[in-house]
Amino acid sequence: MKWVRVGFQESDRVTIYYPMSDHSFIYQPTFLKPLKFLFSIICLLQSSFLMLIGEPNREVVKVPNTIPLDPNDAMQLIDLPEGFSLELVASEPQISEPVALTWDGNGRMYVVEMRGYMQSIDGAGAKDPVGRISLLEDTNGDGNFDKHGVFLDSLVEPRAVLYVGNGLLVGEPSDLWYCRDTDNDGKSDTKEKVYDKFSLRESNVEHKANGLILGIDNWVYVSQHGRRYQFQGGKFRHEKVPRVGQWGLARNDEGRFLFSTNSIPAMGFFIPPEYLVPGRNKGPEKLITGAVLKVGKYNEVWPAMTTTDLQSGVGASRSSNGTLRSFTSACGQSFFRGDRLGEDVNGDYFVCEPVGRLVRRSKVRYLDSGHLELSNLYEDSIGEFITSSDGNFRPVNTYTGPDGCLYIVDMYRGVIQEKSFLTPYLKQEILKSKYDKNIGRGRIYRVKRDGFSSGKKPNLLDADPKRLVASLKHPNGWWRDMAQSIIVSRRLVKLVPSLENMVISGSDPLARLHALWTLRGLSRLENEVALAALGDADERVVSASLRAINWSPSEYSYIETIIDEASPIVIAHIILAVGQNKSQESRGLILKCISRFPMNERVLRSVLAVTSREHLKSYRDKIIANPVFQGDAKTKKANEWLKRWDKFVLNE
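Owing to the predicted nature of the structure, the values given are computational and were not obtained by experimental measurement. (Residues numbered from 1 in each chain as written. Predicted model: local features only at pLDDT ≥ 70, side-chain atom pairs only at ≥ 80, totals over all residues. Heavy atoms only, no water.)

A.B. asks: Would you take a moment to explain the packing of aromatic side chains for this structure?
C.D. replies: Two descriptors summarise a pair of aromatic rings, namely the distance from one centre to the other and the angle between the planes of the rings. In this structure the tally under the stated criterion is 15 aromatic pairs. Arranged with centres 5.4 Å apart and planes meeting at 45°, the rings of Tyr178 and Phe231 form a pair that is tilted. Here Tyr178 is found in strand β11 (residues 175-180), whereas its partner Phe231 is found in strand β15 (residues 227-232), with 53 residues between them in sequence. Here Tyr178 matches Phe231 in class, with each residue buried. The ring centre of Trp302 lies 4.6 Å from the NZ or CZ of Arg58, which sits over that ring. One cation-aromatic arrangement involves Lys191 over Trp177; the distance from NZ or CZ to the ring centre is 4.5 Å. (Phe/Tyr/Trp six-rings, centres within 6.5 Å; stacked < 30°, edge-to-face > 60°. Helix = DSSP H or I, 4+ residues; strand = E, 2+ residues; numbered from the N terminus. Buried < 20%, exposed > 50% of the residue type's maximum accessible area, 1.4 Å probe, protein only. Lys NZ or Arg CZ within 6 Å of the ring centre and 35° of its normal.)

A.B. asks: Any chance you could explain the side chain of Asp481 here in plain terms?
C.D. replies: Within the secondary structure, Asp481 sits in helix α6 (residues 477-489). Within polar-contact distance, the side chain of Asp481 engages the side chain of Arg251 at 3.3 Å. Setting aside residues up to four positions removed in sequence, Asp481 forms contacts with Leu214, Arg251, Arg337 and His514. (Polar contact = N/O pair within 3.5 Å; in protein donor to acceptor, adjacent residues only side chain to side chain. Contact = heavy atoms within 4.5 Å.)

A.B. asks: I keep staring at helix α13 (residues 584-596) and nothing clicks. Help me out?
C.D. replies: Side chains three or four residues apart in an α-helix point the same way, a direct result of the helix having 3.6 residues per turn. In this model, α13 (13 residues) spans 19 Å end to end at C-alpha, consistent with the 18 Å of a helix rising 1.5 Å per residue. Here α13 has its buried residues at Ser586, Arg587, Leu589, Ile590, Leu591, Cys593 and Ile594. Residues of α13 that are buried sit in contact with α11 (556-560), α12 (568-578), α14 (601-610), α15 (613-624) and α16 (636-649). (Expected span 1.5 Å × (residues − 1).)

A.B. asks: I keep staring at the side chain of Gln484 and nothing clicks. Help me out?
C.D. replies: Looking at the element boundaries, Gln484 is found in helix α6. A distance of 2.9 Å separates a polar side-chain atom of Gln484 from the backbone oxygen of Ile216. Leave out the neighbours within four places in its chain, and Gln484 touches Ile216, Asn218, Leu472, His514, Trp517 and Thr518.

A.B. asks: Can you walk me through the sheet that holds strand β28 (residues 443-449) in this structure?
C.D. replies: The strands making up a sheet associate through hydrogen bonds between their backbones, and the pairing can be parallel or antiparallel. Strand order in the open sheet formed by four strands is β4-β28-β27-β26, and the pairing between neighbours is antiparallel. Each of the sheet's edge strands pairs with one partner strand only, and the pair in question is β4 (84-91) and β26 (395-400). If you compare each strand with its neighbour and ignore which way they point, the axes differ by 25° on average. With five bridges connecting them, β26 and strand β27 (residues 406-410) associate as antiparallel partners. The residue bridging Tyr399 from the neighbouring strand is Tyr407, located in β27. (Pairing = 2+ DSSP bridges. Axes fitted to C-alpha atoms, helices over the stretch in contact; angles between N-to-C directions.)

A.B. asks: I would appreciate a short explanation of the sheet that holds strand β19 (residues 267-268) in the present structure.
C.D. replies: Strand order in the open sheet formed by three strands is β17-β18-β19, with antiparallel pairing between adjacent strands. Both edges of this open sheet fall to β17 (249-251) and β19, since each of them pairs with a single strand only. Alignment of β17 against strand β18 (residues 257-259), held across three bridges, turns out to be antiparallel. Looking at β18, one finds that Leu249 is bridged to Phe259.

A.B. asks: Whenever I open this one, the pattern of salt bridges confuses me. Can you help?
C.D. replies: When the charged atoms of two side chains lie near each other, side chains of opposite charge can form a pair. All chains considered together, the criterion is met by 41 salt bridges. Note that Lys197 is salt-bridged to Asp196, the shortest N-O span being 3.4 Å. A relative accessible area of 39% means that Asp196 is categorised as partly exposed. Of the charged contacts in the structure, one is a salt bridge between Arg394 and Asp309, with a shortest N-O distance of 2.9 Å. Taken together, the positions of Arg394 in the loop between β25 (386-388) and β26 and Asp309 in the loop between β20 (292-294) and β21 (331-335) put the pair 85 residues apart, joining distant regions of the chain. As far as burial versus exposure is concerned, Arg394 and Asp309 are alike and both buried. A cluster of three or more residues bridged by salt bridges with shared partners is formed by Asp217, Arg228, Glu239, Glu274 and Arg547. (Salt bridge = Lys/Arg side-chain N within 4 Å of Asp/Glu carboxyl O.)

A.B. asks: Please explain the nonpolar core as it appears in this structure.
C.D. replies: Nonpolar side chains tend to gather and get buried jointly when the protein is soluble and globular. Membership of the largest hydrophobic core comes to 172 residues, with the highest contact counts inside it found for Met109, Ile133, Tyr349 and Ile574. In contact with Met109, not counting residues within four places along its chain, are Val89, Leu101, Thr102, Trp103, Ser134, Leu135, Leu136, Phe145, Tyr407 and Ile444. One finds Ala160, Tyr178, Ala209 and Phe236 within the second-largest nonpolar core, a separate group that totals 17 residues. (Core = buried A, V, L, I, M, F, W, Y, C linked by side-chain atoms within 4.5 Å.)

A.B. asks: Quick question: what am I supposed to make of unusual backbone geometry here?
C.D. replies: The phi torsion of most residues other than glycine is negative, and most of the peptide bonds are trans. Cis geometry is adopted by the peptide bond preceding Pro93, which originates at Glu92 and carries an omega value of 10°. With respect to the secondary-structure elements, Pro93 resides in the loop between β4 and β5 (98-103). The linkage connecting Pro173 with the following residue, Ser174, adopts the cis geometry, with an omega of 15°. If you trace the backbone, Ser174 turns up in the loop between β10 (167-172) and β11. In this structure, Glu97 takes a positive phi of about 55° despite not being glycine. Looking at where Glu97 falls in the secondary structure, it is placed in the loop between β4 and β5. Since its relative accessible area comes to 0%, Glu97 is described here as buried. Positive phi is not limited to glycine here, since Ser154 has a value of about 60°.

Here you go:
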């Protein structure tokens, strides 16, 4: 337990020490000396109570730093678990107000700078064309980005960027642009409009599209935007998908997404988004989300500093130590898919909380029900993966880098709330701490781990085709994604035989998965190869083959052969695949799939996504006749599930 001095009377120099507090007391020692003992007993009881209810007695800085610090000094106030460390990648004056980044195939980094964001307490100049995208390059392969240039400037509130094809997708509401450097001078020469309704230009900065990310299915997905985009033949096409999220979008190895809102750090789909397009989706709205389960006090956060600058006031903080109690600005999430932080970190889910000055690391369990179960790895110990007692630390985005490490984008500023939502209380606290004076800064950090060196600099833009195929089995997911993207965007159809061979006989399941989707992106995934993939030992590959092909009833006999041994996840994908065809054969397969797992959430939602109410009603008698819903086999759980089926089938 840590004890801190809280006050004394000048006349007698008697000092009271109170655990984890900064309360001061004036007293007369001749009358009130017993209070010292009483206060000690009260504090010990309080500490014991917190431990009993599962809240470790962590150190909290009651008077955090509010003065802008240079990067080296600011890093001294950032805490990570033992064995992890931070390395500065970039900072002011090279970059200012960074919010997002991407890399090209040679590892050059493009950083979005929202330089007009809240440059004063009244937000004046927010719509001025001062935003830009910087280009940072490591010229000698030592891991340091020693060269800086401006790729694109004169932007208004830019917030999203992704390297795809041979250029950058740039989100600058109300437009989505495609920008290319055609003469290799490090500056954009072209600016082609891809879509003119990326977001309303005049809407709040928190409510605009962002988080461009490439799916394993060769589509680009966006947070808070109802469309997805695909690069084909040098042009982009787009189509509707559900509008979800607020700031950020994360994708795992197999292609599942997690997104967030301010107060909800993780939400997700049970089924791929293309099956939930309005007009194709026959089920209820509750199909959209609900796939995330949270262990323990997952929604609570554990900052290292007292948090006074809260939009909703002190009611959002803990009475015990003044720290932010729960997520209020979750953003910038990612699945870590690198190979240089240790196998125990690979696949973990990271999400930022800039108001709490922290980054959460979560363990992820994939359940047969289709749920993703998240738990805060440090809930019972240090609290969070990254915390800071510097009030200017504002992490807003996380990424897996080409070097296999984790990258953190820190806006490093005082104000993190747009003027529209500045409550009188928050404005008062900002002015009191002079947070409004800290503008024009920003840092990018690399998280490293003891015993691991950073991976080598990529050179995929100049790689020969065979090396691109080999990169599909790289242990770092960034390399696999980039290699797939380059092969597809360049239409390297001569690689089809190698890709087919990898799908059918490759030793690495993730390589087989990427090879399959690469063939799909090239429009060269033959049914024979997809049928071979149906027999794969990895359910992710089997599911991808079901998703990537438009299966016809003449091929259902092959699909039927895998039903009896299939996992719930594969069963769900069979339902989605055959449900695209409204034939009698497809309805028969769906019923057979339901009978395998009639009490599985992902199966239920897949059925609802592709089945009309009319056909659901025709299934009712056969669903009810399932042995788990009848006789001695009937349990309380089975009875509840039967009621669920009835509710959806009868539309009650």
